[in-house]
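Coordinates in review
Residue-level listing of the chains:
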Amino acid sequence: MESGRLKRLHRRIWGDASPEVTGLLLSLLVPIYFGAWSLWFAFGHPFVIQDDARQHIVWFQQFVDPALFQQDWIARYFGTVAPAGYRFLYWIMAQGGIEPIAFAKVIPLLLALITTYYVYRTALIIFPVALQACLSSLILNQQLWLNDDLSSATPRAFVYPIFAAFLYFLLRQSLIPGLITIALQGLFFPQLVLVQLGILTLRLVRWENRRFRLSRDRRASLFWISGMIVGTLTLLPFLLKTSEFGGAITAAQMQSLPEYGLGGRSEYFGVSPIAFWLQGGSGLRIPVFPTIIWAGLGLPLLKRMRLPLVKSIAPEVNLLGQVLISSLVCFLLAHLLLLRLHFPSRYTYHTLRFILSIAAGIVLTVLMDTGWRWVQQRRQQRDWQLKLKVGIAVVTAAIVLIVPAIPALFFQFQGWVIGEETALYEYLRTQPKQTLVASLSPEANNLPAFAQRSTLTGREFALAHHPQYYQQIQARTIDLIRLQYLANLEEVKQLIQKHHIDFLLVDRNAFTPDYLMQDWLIHSSFQNIVQQAIDRMQQGNLSAIGQLRDHCGVVSTERSILLETKCIIAAYSPTHPPT
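Rules used in this analysis
- Residues numbered from 1 in each chain as written.
- Predicted model: local features only at pLDDT ≥ 70, side-chain atom pairs only at ≥ 80, totals over all residues.
- Heavy atoms only, no water.
- Axes fitted to C-alpha atoms, helices over the stretch in contact; angles between N-to-C directions.
- Helix = DSSP H or I, 4+ residues; strand = E, 2+ residues; numbered from the N terminus.
- Parallel < 35°, antiparallel > 145°, perpendicular 65-115°, else oblique.
- Left-handed = near helix turned anticlockwise from the far one by under 90°.
- Contact = heavy atoms within 4.5 Å.
- Nonpolar A, V, L, I, M, F, W, Y, C, P; charged D, E, K, R; others polar.
- Buried < 20%, exposed > 50% of the residue type's maximum accessible area, 1.4 Å probe, protein only.
- Pairing = 2+ DSSP bridges.
- Core = buried A, V, L, I, M, F, W, Y, C linked by side-chain atoms within 4.5 Å.
- Disulfide = S-S within 2.5 Å.
- Polar contact = N/O pair within 3.5 Å; in protein donor to acceptor, adjacent residues only side chain to side chain.
- Phe/Tyr/Trp six-rings, centres within 6.5 Å; stacked < 30°, edge-to-face > 60°.

What follows deals with the packing of helix α4 (residues 73-81) against helix α22 (residues 467-486). Relative orientation of the contacting elements α4 and α22 amounts to 155 degrees, with a least axis distance of 11 Å. Comparing the axis directions of α4 and α22 gives the class roughly antiparallel. In terms of crossing hand, the pair formed by α4 and α22 is left-handed. The residues of α22 that touch α4, namely those facing Trp73, Ile74, Tyr77 and Phe78, are Gln468, Tyr469, Gln472, Ile473 and Arg476. Of the residues in the contact of α4 with α22, the class split is six nonpolar, two polar and one charged.

In structure tokens, the structure reads:
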């Protein structure tokens, strides 16, 4: 009976074509559409990079030119914390002549295609209706392309194809490919291996006669044993790895730092309870937009309803619940062991998108089939209300499909940064590769990417997750604030020579009190130094550097001035007094 109903549904939608093949091809067109537009944008400007790529990928340019970022503390740090598989992939591409920054713009499309294929196949096993698999992959692609995870090409971008493949091979009971996905996850995004192992553990238990019982499925036991071995071996190097930057910050240290407080660079504590549990690094981070994914929340209710297609939902749908439970357990463990398992949101942010996308595809397909049957039963009636309801449904569907696919909209969510200081980048590229620029300007975050020269500090790089690293960033930033706002003539020379600074980039509005109200400065462990600088500017006292902005500038743009430190030192020497 159910098989006949599904065949009629497939014939109504796909005609005589193979529904599975046609549905897959249509599904793959979605990432191709989003990816093509994203590639056009990413390569359409000489200076454009994804926001998080400035942290994680720029330093891989060393694979192409080893002379870049030598003795760079920031480059060493981000290179050290990069997962092994992720680092190796960019290295092997560089050996083939593909620059890391360029590769990072191309790889998201490939990752999205792989994700789409496996999500489509997984959804088809759970609910064997090609329309549902199409909708599930479409909704997940909306989540991928209207967020910055995939476009960042950072380790979290690789979660999606690897985890999608894991779900598919798990349902197919394909042991070797499944184990490979566990190993790959450990090489690219180790935290999610814990979720995978949790899923394998939950599959050893079944609900029978209102009691939990151990499964008698030997394949599930074999998968669990093998998965535990592979997962443990994969995580061991990650757990035992030692670093010059020491261990991660402890919960007690986090609570003592303003950087993790309300308004801080890595805001975690001090927020409202709702924000704490739903947003940021501490929260579940349930997907919000596009809101069509919320339809997945209706799946538990839908399964209780006596609708025609509900009986066609396979028992494999229980996998969604297993993913949810495993993710929540890891989420709670991460809270208890803060920050040993990294931020808690890492364990739910990505998996919730898989769960809700597939669940939403099922819910929408069942409701569409029910609605179609309802219309067919009343098609002889020339009821204006019927036409109105059908029209509203059609318009709603069009909005759900069209609005998220508007390029100008989804570009806004992908976190692209466009460099606008072309003259500055081009000048610095002509300088020696060991050149060091010091700046409190937001533009300092772009210099390693666009000028390919080192920067002393910057908001993007001021992460307090590893104390030994952050202590150096703190010291550098404090010295830079003193240099720019508080130092006398002799201290200016000493600080420049101490850090071997070649250039100082100063924004034109840098000597106004509001300038230092940047979150990473005013909500920091060195906020007393920041406040001293603000107080001095409010008193109208112009610092030594402020007096030399026009005298030592080598590049001047609408927003900033690049000062040469040789000129600064010479200007205050006894034989060359300032003019």
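This is not the end of the story, as more comes after the structure.
Take unusual backbone geometry next. Here the amide bond leading from Phe289 into Pro290 is cis, since omega sits at -5 degrees, within 30 degrees of zero. Along the chain, Pro290 falls in the loop between α14 (273-278) and α15 (299-302). Across the junction of Leu338 and Leu339, the peptide omega takes the value 0 degrees, indicating a cis bond. Positive phi values are uncommon outside glycine, yet Gln452 reaches one of about 55 degrees. Examined against the element boundaries, Gln452 turns out to sit in the loop between α21 (447-450) and β6 (454-455). On the accessibility criterion, Gln452 (14% relative accessible area) is buried.

Read from one edge of the open sheet, five strands run β6-β5-β7-β9-β8, paired in mixed fashion. The sheet is open, and its two edges are formed by β6 and β8 (553-556), each paired on a single side. Strand contacts of α22: β5 (436-439), β6 and β7 (503-507), with the helix running at about 70 degrees to β7, the strand carrying the most contacts.

Glancing now at the nonpolar core. The biggest cluster of nonpolar side chains holds 174 residues, and the ones touching the most others in it are Tyr90, Phe163, Ile362, Tyr485 and Leu516. Those residues in contact with Tyr485 that lie beyond four places of it in its chain are Leu440, Ala510, Phe511, Tyr515, Leu516, Ala533, Arg536, Met537 and Ser543.

Here we come to the state of the cysteines. Applying the stated criterion across every chain, the model contains one disulfide. Between the sulfur atoms of Cys552 and its disulfide mate Cys567 the distance is 2.1 Å. Residues Cys552 and Cys567 share a disulfide whose torsion about the S-S bond is about -75 degrees; that sign makes it left-handed. Here Cys552 is found in the loop between α26 (544-547) and β8, whereas its partner Cys567 is found in helix α27 (residues 565-571), with 15 residues between them in sequence. The two residues Cys552 and Cys567 agree in class, both being buried.

Our focus in this paragraph is α4. For α4, the full list of buried residues reads Trp73, Ile74, Ala75, Tyr77, Phe78 and Gly79. Buried-residue contacts for α4 involve α3 (53-56), α5 (84-95), β6 and α22. Regarding α4, its N-cap is Asp72, as a side-chain oxygen of that residue lies 2.9 Å from the backbone nitrogen of Ile74 further along.

A word on the packing of aromatic side chains. Overall, the coordinates contain 44 aromatic pairs when judged by the stated rule. Both rings, one in Tyr86 and one in Phe158, keep their centres 5.9 Å apart while their planes meet at 75 degrees; by these two values the pair is edge-to-face. Highlighted residues: Tyr86 in helix α5 and Phe158 in the loop between α8 (149-152) and α9 (159-171), separated in sequence by 72 residues. For the pair Tyr86 and Phe158, a shared accessibility class is recorded, and that class is buried. With 5.3 Å between their ring centres and 85 degrees between their planes, Tyr90 and Phe103 make a pair best called edge-to-face. You can see Tyr90 sitting in helix α5 and its partner Phe103 sitting in helix α6 (residues 100-126), a full 13 residues away along the chain. Take Tyr90: its relative accessible area is 0%, and that puts it in the buried class.

Glancing now at the environment of Glu420. By secondary structure assignment, the location of Glu420 is in the loop between β4 (416-418) and α20 (422-429). Assessed through its relative accessible area of 52%, Glu420 is described here as exposed. The spatial distance from the C-alpha of Glu420 to the C-alpha of Arg559 is 9.8 Å, given a sequence separation of 139 residues. For Glu420, the residues in contact, after removing those within four places along its chain, are Tyr425 and Arg559.

Once that is clear, we can look at the pairing of β5. Alternating residues of β5 divide into Leu436 and Ala438 and Val437 and Ser439, and every residue in both groups is buried. Bridging between β5 and β7 involves three bridges; their strand directions are parallel. Residue pairing in the sheet places Val437 in a bridge with Phe503 of β7.

With that settled, consider the packing of α22 against helix α25 (residues 527-538). At their nearest, the axes of α22 and α25 sit 10 Å apart, and the two run at 10 degrees to each other. When the interaxial angle is binned, α22 and α25 end up roughly parallel. The segment α22 lies against α25, with Ile478, Ile481, Arg482, Tyr485 and Leu486 engaging Ile529, Val530, Gln532, Ala533, Arg536 and Met537. For the contact of α22 with α25, the residue count by class is eight nonpolar, one polar and two charged.

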